Amino acid sequence: MWRLLGRVALRGVRSVVERCSRAEAATDEAVRAMERAVVRCVPSEPKLSLSFALADGSHKNMQRDQSEPLGRALSRIATNALKGHAKVAAAKKNRKNRAHSSGGAACAAAGPEAAAACEPVVKLYYREEAVAEDVLNVDAWQDGAVLQIGDVKYKVERNPPAFTELQLPRYIMAGFPVCPKLSLEFGDSASSVFRWYKEVKPGAAELGDSGLASSSHSLPSSTWTETGVEERVYTPSNADIGLRLKLHCTPGNGQRFGPSRELESVCPVEAGPGTCTFDHRHLYTKKVTENSFIRTVSYNLLADTYAQTEFSRTVLYPYCAPYALELDYRQNLIQKELTGYNADLICLQEVDRAVFTDSLVPALEAFGLEGVFRIKQHEGLATFYRKSKFSLLSQHDISFQEALQSDPLHKELLEKLALNPLAQEKVLQRSSVLQISVLQSTKDSSKKICVANTHLYWHPKGGYIRLIQMAVALVHIRHVSCNLYPGIPVIFCGDFNSTPSTGMYHFVINGNITEDHEDWASNGEEERCNMSLTHLFKLKSACGEPAYTNYVGGFHGCLDYIFIDLNALEVEQVIPLPSHEEVTTHQALPSVSHPSDHIALVCDLKWK
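Residues numbered from 1 in each chain as written. Predicted model: local features only at pLDDT ≥ 70, side-chain atom pairs only at ≥ 80, totals over all residues. Heavy atoms only, no water.

### Re the overall build of the chain
Note the cut-off: Runs of H or I in DSSP of at least four residues are treated as helices and runs of E of at least two as strands, each being numbered from the N terminus. Classification of residues uses two cut-offs on accessible area relative to the type maximum, computed with a 1.4 Å probe and protein chains only: under 20% is buried, over 50% is exposed, and between them is partly exposed. Here, two residues are considered to be in contact whenever any of their heavy atoms come within 4.5 Å of each other. Only the protein chains shown count as cover for residues, with accessible areas throughout obtained via the Shrake-Rupley method and a probe of 1.4 Å.
From N to C terminus, the chain includes 15 helices and 31 strands. In the chain, which comprises 608 residues, the share counted as buried stands at 47%. Sequence-distant contacts in the chain: of pairs separated by 6 or more residues, those separated by 24 or more amount to 70%. Approximately 28,900 Å² of the chain is accessible, and the part contributed by carbon and sulfur atoms is 50%.

And the structure:
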């Protein structure tokens, strides 16, 4: 008897549970089926924004004071909704060509009293209870609330993940990674979902299940098929040449997703240049190095501000095809080259600010690197580091001329320079800067490193100016690596505009320069500024002294170096530079297969 009753009771419990589960599932489905009302509300801003779609298909974006009572916001929504209903009714009237219309249009036409009577009910509910109209907006619009406009219900999403910027590059080439520029609020790219599509060629067969068509009446260019790639970066193949690309992306933060967005490439995928100078080098850098190694790159990119001039096209690089000097073209090569090195540290010179933000950051961020930028005048320096290996502790950038004049560290040097006012004037006219980033290992917090990056004065007769700039740089680097962070090793990268035979190189490698060195009179006797200089570092050129790192029509020589602290670091391997045949395939650099007039230095360093 008791067993029978128990079974009956158990069946009753199961029945109740099943009904509850069905009810919950139905509720969840109803919530999912709701329209979205997206609210953006941050404490630092006086207004919140509210975004939702009305019955007429129009999208409303409202800005309301956070301190405003909810009732006023709801009243404004009701007014907008009434206009939306009126538009829908008017459209029906035009289609049916009736003399009289009903609904919102009639209300709108019948005067204020009738319009007020037809105004849709607008309410905000939270946990199934109406929110009082005197509650302030900042408190009323909570995540999970329900906004009701007439018969339509909207699920309120407060501060969901959202893209604040989303952009595809204008110029896309087969074989080169496409790295969308994106910025997120309340989310992160790692938790976001990406899906790439490509156009279906005109006259292609009907789409299968994987196809996506935006309209049955649209041109073939608006019919898309999945590529199968669901990552942030897409590398088009030769099969994509002539087709445009589309990216569908949904922002996320690991807990929820925000409104999806789509964007299409402006131009179709174009054919690539074939083999590039860096393709063979990438065979040595297929994988990211282990934690005990630091793969380091130093590279002068050739700033767009210098490449896109009549002088560059006709005098400096007349051998280079004009389209290969255009930034949109060169950016593809630069992105592929840099990402293919799988580097831990990348120090770049001649970086345009727009290139840093619009091209380098999106590309390198997608491959696990983060960067900092220091402007000079028209261009500047950029240092990127692998986030899985390093975190940024501090930055200590300087302008050489400002530091020389104002920092007591350089008082003695300035006094020596002041003995020749003409030389001093020339030195203080230069805009060169030094970028210093102190990084800490994410695996071992006791390991820190001082990464310096610079681009010294360029003029062939500016040898003494470069000596002064290097003296300032080494004093400042010593201050950071010995006084601020005692004992941390140094990696010093850059375009030093000095061959191994110059005084600047001798000074760095040997630790001193005598006052009778010929470079003190590099621009003639009038500007001679003899002085002896010393430093206490033990530095070495990690990549040695290549025949050249800069190869243009009228000059080739070694100007770029990665100087390392021999007390703490050693060289594991140097990635071979392109062969002379590769460099001169198109006469000189830059070319259709190489984006700069310089060659990147790449080496693997190891902690001692």
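### Considerations on the sheet that holds strand β7 (residues 152–158)
Just so we agree on the cut-off: By the convention used here, strands pair only if DSSP detects at least 2 bridges between them.
With mixed pairing, the seven strands of this open sheet are ordered in space as β3-β2-β1-β7-β6-β4-β5. Taken across any chain shown, the strands that pair with only one partner, and hence form the sheet edges, are β3 (59–65) and β5 (129–130). With three bridges connecting them, strand β1 (residues 35–40) and strand β2 (residues 47–53) associate as antiparallel partners. Residue arginine 40 lies in a different strand from β2, and its bridge partner there is serine 49.

### Overview of the side chain of threonine 289
Under the convention used in this document: Pairing of N or O atoms within 3.5 Å defines a polar contact, subject to two protein rules: one partner must be a possible hydrogen donor and the other a possible acceptor, and residues neighboring in sequence count only if both atoms are side-chain atoms.
As for its placement among the helices and strands, threonine 289 is situated in the loop between β14 (261–264) and β15 (293–300). Within polar-contact distance, the side chain of threonine 289 engages the side chain of aspartate 344 at 2.8 Å. At 2.6 Å, the side chain of threonine 289 forms a polar contact with the side chain of lysine 389. With sequence-adjacent residues up to four places away left out, threonine 289 is seen in contact with Ile294, Arg295, Asp344, Lys389 and Asp604.

### Description of the pairing of β7
Two elements, β1 and β7, share five bridges in a ladder whose sense is parallel. Paired with valine 39 across the strands is arginine 158, a residue of β7. Here strand β6 (residues 146–149) pairs with β7 via four bridges, running antiparallel. Along β7, the bridge assignment pairs isoleucine 149 with valine 152. From the end of β6 to the start of β7, which pair antiparallel, there are two residues, and glycine 150 there has a positive phi angle of about 65°.

### A word on the environment of threonine 514
You can see threonine 514 is positioned in the loop between β24 (512–513) and β25 (533–534). Given a relative accessible area of 41%, threonine 514 falls into the partly exposed group.

### Thoughts on the packing of aromatic side chains
Threshold: The pairing test for Phe, Tyr and Trp rings, Trp by its six-membered ring, is centres within 6.5 Å, and the orientation test on the planes gives stacked under 30 degrees, edge-to-face over 60, and tilted for anything in between. Here, over-ring charges are defined by two tests on the NZ atom of lysine or the CZ atom of arginine: distance to the ring centre within 6 Å, and angle to the ring normal within 35 degrees.
All told, the structure shown has 15 aromatic pairs when counted by the stated rule. Ring geometry for tyrosine 317 versus tyrosine 319: centroids 6.4 Å apart, planes at 80°, classification edge-to-face. Taking relative accessible area as the criterion, tyrosine 319 reaches 16% and is therefore assigned buried. Here the aromatic rings of tyrosine 505 and phenylalanine 563 are separated by 6.1 Å at their centres, their planes lie at 45°, and the arrangement is tilted. On the criterion of sequence distance, the pair formed by tyrosine 505 in helix α14 (residues 503–510) and phenylalanine 563 in strand β29 (residues 560–565) is long-range, its members being 58 residues apart. Its relative accessible area of 7% is what places tyrosine 505 among the buried residues. Given the relative accessible area of 0%, phenylalanine 563 is considered buried. Taken together, the aromatic side chains of Phe492, Phe496, Tyr505, Tyr561 and Phe563 make up a single cluster linked through ring pairs. The cationic tip of lysine 336 hangs over the ring face of phenylalanine 176; the distance from NZ or CZ to the ring centre is 4.5 Å. Its end group placed over the ring of phenylalanine 537, arginine 478 keeps NZ or CZ at 5.9 Å from the ring centre.

### A closer look at the packing of helix α12 (residues 421–429) against helix α13 (residues 463–484)
Defined as follows: Structural elements are reduced to axes, namely lines fitted to C-alpha atoms, with helices fitted over the stretch in contact, and the angle between N-to-C directions of any two is expressed from 0 to 180 degrees. In these notes the angle categories are as follows: under 35 degrees is roughly parallel, over 145 is roughly antiparallel, 65 to 115 is roughly perpendicular, and the rest is oblique. Left-handed describes a crossing in which the near helix is turned anticlockwise from the far one by less than a right angle; the clockwise case is right-handed. When residue character is reported, Ala, Val, Leu, Ile, Met, Phe, Trp, Tyr, Cys and Pro are called nonpolar, Asp, Glu, Lys and Arg charged, and the others, Gly included, polar.
At a closest axis distance of 10 Å, the pairing of α12 and α13 adopts a crossing angle of 65°. By the criterion of interaxial angle, the relationship of α12 to α13 is roughly perpendicular. Note that α12 runs across α13; the crossing there is right-handed. Contacts between α12 and α13 involve Ala423, Lys426 and Val427 on the former and, on the latter, Tyr464, Ile465 and Ile468. Residue classes in the contact of α12 with α13 are distributed as five nonpolar, no polar and one charged.

### Topic: the pattern of salt bridges
Keep this limit in mind: We define a salt bridge as a contact between a side-chain nitrogen of Lys or Arg and a carboxyl oxygen of Asp or Glu at a distance within 4 Å.
Applying the stated criterion across every chain yields a total of 23 salt bridges. Between aspartate 65 and lysine 47 there is a salt bridge, with the nearest N and O atoms lying 2.8 Å from each other. Note that aspartate 65 is positioned in strand β3 and lysine 47 in strand β2, a separation of 18 residues in sequence. On the basis of relative accessibility, which here comes to 36%, the residue lysine 47 falls in the partly exposed class. With a shortest N-O distance of 2.6 Å, aspartate 328 and arginine 170 are connected by a salt bridge. With aspartate 328 in helix α8 (residues 327–340) and arginine 170 in the loop between β8 (162–167) and β9 (181–185), the pair connects residues that are 158 residues apart, well separated along the chain. Given the relative accessible area of 23%, aspartate 328 is considered partly exposed.

### Concerning the pairing of β3
Pairing of β2 with β3, which is carried by seven bridges, proceeds in the antiparallel orientation. Within β3, the residue paired with phenylalanine 52 across the bridge is lysine 60. Linking β2 to β3, which pair antiparallel, is a turn of five residues; within it glycine 57 sits at a positive phi near 90°.

### Observations regarding the nonpolar core
Inclusion rule: Throughout, nonpolar core names a set of buried Ala, Val, Leu, Ile, Met, Phe, Trp, Tyr and Cys residues whose side chains join them through atoms within 4.5 Å.
Counting 45 residues, the largest nonpolar core has Leu434, Met470, Ile477, Phe492 and Trp520 as its most contacted members. Sorting elements by how many residues they give to this core places α13 first, with eleven residues. Those residues in contact with leucine 434, other than ones at most four positions away along the chain, are Leu381, Asp397, Ile398, Phe400, Ala452, Asn453, Thr454, Ala473, His476, Ile477 and Phe492. Counting residues in each nonpolar core, the second largest holds 43 residues, with Tyr319, Leu325, Tyr329 and Ala600 among its members.

### Details of the sheet that holds strand β16 (residues 345–351)
Strand order in the open sheet formed by six strands is β17-β18-β16-β15-β31-β30, and the pairing between neighbours is mixed. Strands at the two margins of the open sheet, each flanked by one partner only, are β17 (369–375) and β30 (569–574). Along the sheet, successive strands turn relative to each other by an average axial angle of 25°, direction set aside. Two elements, β15 and β16, share five bridges in a ladder whose sense is parallel.

### Looking at the packing of α13 against α14
Axis separation between α13 and α14 bottoms out at 9 Å; the angle between their running directions is 25°. Looking at the two axes, α13 sits roughly parallel to α14. Along this stretch, α13 crosses α14, giving a crossing that reads as right-handed. On α14, the residues touching Arg466, Leu467, Met470, Ala471 and Leu474 of α13 are Gly503, Met504, Phe507 and Val508. Looking at the contact of α13 with α14 residue by residue, the classes come out as seven nonpolar, one polar and one charged.

By themselves, these observations are geometric and do not establish any function.
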